[in-house]
Amino acid sequence: MEKKVESGMSSIVKTITSVMVGFMMLFAGYFILFGDEVPGGGFPAGVMMALAYILITLAYGREFVEKRVSGITASKLTDVGVLIFLFVGFFGLYFSGTFLNNFLQNNESLFFTSGTIIINDVAVALTVGMSLYLIFLALAIFGRVVCEGSLCKDLGRDSEEEKE
């Protein structure tokens, strides 16, 4: 019976990561929901989401994360965030004559008491979070590609050819 080799770090790091990621996503949700009343909003929520995915990637390995959220999916989510932001802006232009005008401001529903701010926070969080995660993935891939040639010596690492 073959023993399956797991990628990533030890089980202790993976356990702590799984607990921390839940709290990080909860904190990001708090930033989105209460971003109109307290300091915060879409940008810090997106940074927190990106940090959660980066932590999972470091603990479990890139292959584990890419099965759930690949680079293509992250890129599409970034585009969805930008499109949501633009649609809210154009709806404000259509309904009140000003781009990004808060056209839901007088609505007394549970989540839309601040109008379109929560929708904009979700859009900004998606855009920022997935963009930062894509930058991390690109840098990880770039580091692996650079280390295949002679540039590894410049970076202070051994290339794959010298290890053999």
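Details of the structure are given in the entry above.
Residues numbered from 1 in each chain as written. Predicted model: local features only at pLDDT ≥ 70, side-chain atom pairs only at ≥ 80, totals over all residues. Heavy atoms only, no water.

Draft legend 1. Region of the structure containing the pattern of salt bridges. Taken as a whole, this structure holds one salt bridge when the rule is applied. Two residues, Glu66 and Arg62, come together in a salt bridge whose shortest N-O distance is 3.2 Å. Here Arg62 and Glu66 lie together in helix H3 (residues 62–68), a separation of four residues that amounts to about one turn. Given a relative accessible area of 28%, Glu66 falls into the partly exposed group. (Salt bridge = Lys/Arg side-chain N within 4 Å of Asp/Glu carboxyl O. Helix = DSSP H or I, 4+ residues; strand = E, 2+ residues; numbered from the N terminus. Buried < 20%, exposed > 50% of the residue type's maximum accessible area, 1.4 Å probe, protein only.)

Draft legend 2. Region of interest: the nonpolar core. Counting residues in hydrophobic clusters, the biggest one holds 22 residues, and the most contacted among them are Ala45, Tyr53, Val69, Met130 and Tyr133. Of all the secondary-structure elements, those providing two or more residues to this core are helix H1 (11–33), helix H2 (42–60) and helix H5 (117–146). Among the elements that line this core, the one with the most residues is H2, at nine residues. Aside from chain neighbours lying at most four places away, what touches Tyr133 is Ala50, Tyr53, Ile54, Thr57, Val65, Val69 and Ala74. (Core = buried A, V, L, I, M, F, W, Y, C linked by side-chain atoms within 4.5 Å. Contact = heavy atoms within 4.5 Å.)

Draft legend 3. Seen up close, the side chain of Thr116. By the secondary structure assignment, Thr116 is in the loop between helix H4 (71–96) and H5. Residue contacts for Thr116: discarding those within four places in its chain leaves Val88, Asn101, Asn102, Phe103 and Leu104.

Draft legend 4. Examining the environment of Val65 more closely. With respect to the helices, strands and loops of the structure, Val65 is situated in helix H3. A relative accessible area of 3% means that Val65 is categorised as buried. Sequence separation between Val65 and Ile54 is 11 residues, and the spatial gap between their C-alpha atoms is 9.1 Å. Not counting the four nearest positions on each side in its chain, Val65 is found in contact with Tyr53, Ile56, Thr57, Ser70 and Tyr133.

Draft legend 5. Region of interest: H2. Taking 1.5 Å per residue, 19 residues should reach 27 Å; H2 reaches 27 Å between its end C-alpha atoms and fits that length. Just past H2, the residue Gly61 takes up positive phi, approximately 105°. (Expected span 1.5 Å × (residues − 1).)

Draft legend 6. Main features of a nonpolar patch on the surface. A contiguous nonpolar surface patch, about 1,100 Å² in accessible area, is contributed by Val82, Leu83, Leu86, Phe87, Phe90, Phe91, Leu93, Tyr94, Phe95, Phe99 and Leu100. With respect to the helices, strands and loops of the structure, Leu86 is situated in helix H4. Looking at Leu86, the relative accessible area reads 35%, which means it is partly exposed. (Patch = residues over 30% accessible without salt bridge, like charges linked within 9 Å, V, L, I, M, F, W, Y side chains within 5 Å. Areas by Shrake-Rupley, 256 points an atom, 1.4 Å probe, with all protein chains shown as cover.)

Draft legend 7. Local environment of H1. The terminal C-alpha atoms of H1, which comprises 23 residues, lie 33 Å apart, in line with the 33 Å expected from a rise of 1.5 Å per residue. Among the residues of H1, those classed as buried are Lys14, Thr17, Val21, Met24, Ala28, Phe31 and Ile32.

Draft legend 8. Up close: the packing of H1 against H2. Relative orientation of the contacting elements H1 and H2 amounts to 170°, with a least axis distance of 8 Å. Considered as vectors, H1 and H2 are oriented roughly antiparallel to each other. Listed contacts from H2 to Val13, Lys14, Thr17, Ser18, Met20, Val21, Met24, Met25, Phe27, Ala28, Phe31 and Ile32 of H1 are Pro44, Ala45, Met48, Met49, Leu51, Ala52, Tyr53, Leu55, Ile56, Ala59 and Tyr60. Per-class residue counts for the contact of H1 with H2 are 20 nonpolar, two polar and one charged. (Axes fitted to C-alpha atoms, helices over the stretch in contact; angles between N-to-C directions. Parallel < 35°, antiparallel > 145°, perpendicular 65-115°, else oblique. Nonpolar A, V, L, I, M, F, W, Y, C, P; charged D, E, K, R; others polar.)

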